[in-house]
Amino acid sequence: VQLQASGGGLVQAGGSLRLSCAASGRTLTTYRMAWFRQAPGKEREFVAAIQRAGSTTYYADSVKGRFTLSRDNAKNTVYLQMNSLKPEDTAVYYCAADANIILSSIRDHKQYKNWGQGTLVTVSS
């Protein structure tokens, strides 16, 4: 599966952005999907994940209550709605997919085989 991430940009603190991850080549219903982010000089960190065909979601504590991950299976796309953005949310955001990843590993970026190219989110204070 090929993943195309989009929607990043520059926003002021408190603002909102919606990231999209569109898939081609395979249907996303067979994949667990996730977003990770990587700030300069830091390791890639888990942001959110969603189950294959259902709507069960998982979030990092740092974004819980502010970010919402959803999927539109008809459009083969997942969305990350980011509200109440903070300067510390500044990073390159990557979407990832894996058909075989087990639930206990969904927060581990090393377990995902398919990655989008990343989209930069910059939050100014």
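Preceding block: the structure.
The structure reproduced in this document is the subject of the present report. Residue numbers run consecutively from 1 along every chain, following the written order of its sequence. pLDDT decides what is reported in this predicted model: residues at 70 or higher carry local features, side-chain atom pairs at 80 or more are listed and counted, and totals for whole chains, interfaces and linings draw on all residues regardless. Water and hydrogen atoms play no part in the side-chain values, which are based on all heavy atoms of the structure.

Turning next to the overall build of the protein. The helix and strand labels rest on DSSP assignments: H or I over at least four residues marks a helix, E over at least two residues marks a strand, and numbering proceeds from the N terminus. For the protein, the helix and strand inventory stands at zero helices and eleven strands. For the protein, the succession of helices and strands along the chain, N to C, is β-β-β-β-β-β-β-β-β-β-β. Along the first, second and third principal axes, the C-alpha set of the protein runs to 40 × 25 × 25 Å. Note on classification: 1.4 Å probe, protein chains only; a residue is buried when its accessible area is under 20% of the maximum for its type, exposed when over 50%, partly exposed between these limits. Buried positions account for 46% of the 125 residues belonging to the protein.

Each Phe, Tyr or Trp ring (for Trp, its six-membered ring) is paired with any other whose centre lies within 6.5 Å, and the angle between the two planes then decides the class: stacked below 30 degrees, edge-to-face above 60, tilted in between. With the rule as written, the count across this model stands at five aromatic pairs. Taken together, a centroid distance of 5.8 Å and an interplanar angle of 75° make the contact between F36 and F46 edge-to-face. With F36 in strand β4 (residues 32-38) and F46 in strand β5 (residues 45-50), the pair connects residues that are ten residues apart, well separated along the chain. Summarising the burial analysis for this pair, F36 and F46 share the class buried. Summarising the aromatic geometry, the rings of F36 and W115 are spaced 5.4 Å apart at their centres and angled 50° between planes, so their arrangement reads as tilted. Here F36, found in strand β4, pairs with W115, found in strand β10 (residues 114-115); they are 79 residues apart in sequence, far enough to count as distant. A residue is classified by how much of its surface remains accessible, and W115, at 27% relative accessible area, is partly exposed. Cluster of aromatic residues (ring-pair linked, three or more members): F36, F46, Y94, Y112 and W115. Counted as over-ring charges are cases with an Arg CZ or a Lys NZ within 6 Å of the ring centre that also lie within 35 degrees of the ring normal. Here the basic side chain of R44 rests over the ring of Y94, its NZ or CZ set 3.8 Å away from the ring centre. Sitting over the face of the ring of W115, R44 holds its NZ or CZ atom 4.8 Å from the ring centroid.

Let us now look at the pairing of strand β7 (residues 67-72). Only one face of β7 is covered, namely the one carrying F67, L69 and R71; the face carrying T68, S70 and D72 has none of its residues buried. At least two bridges found by DSSP between two strands is the condition for calling them paired. As defined by bridge partners, β7 adjoins strand β8 (residues 77-82) across six bridges and the pair is classed as antiparallel. Paired with D72 across the strands is T77, a residue of β8. What sits between the antiparallel neighbours β7 and β8 is a turn of four residues, in which N76 has the positive phi angle 55°.

Burial along strand β11 (residues 119-124) is one-sided: the residues T119, V121 and V123 are buried and none of L120, T122 and S124 is. Two elements, strand β2 (residues 9-12) and β11, share four bridges in a ladder whose sense is parallel. Pairing of Q12 across the sheet is with S124, part of β11.

Before going further, it helps to spend a moment on the nonpolar core. Throughout, nonpolar core names a set of buried Ala, Val, Leu, Ile, Met, Phe, Trp, Tyr and Cys residues whose side chains join them through atoms within 4.5 Å. Counting 40 residues, the largest nonpolar core has L3, M33, W35, L80, M82 and Y93 as its most contacted members. Residues contacting M82, with those up to four places away along its chain left out, are G15, S16, L17, L19, R66, F67, Y93 and V121. The contact criterion used throughout is that any non-hydrogen atoms of two residues lie within 4.5 Å.

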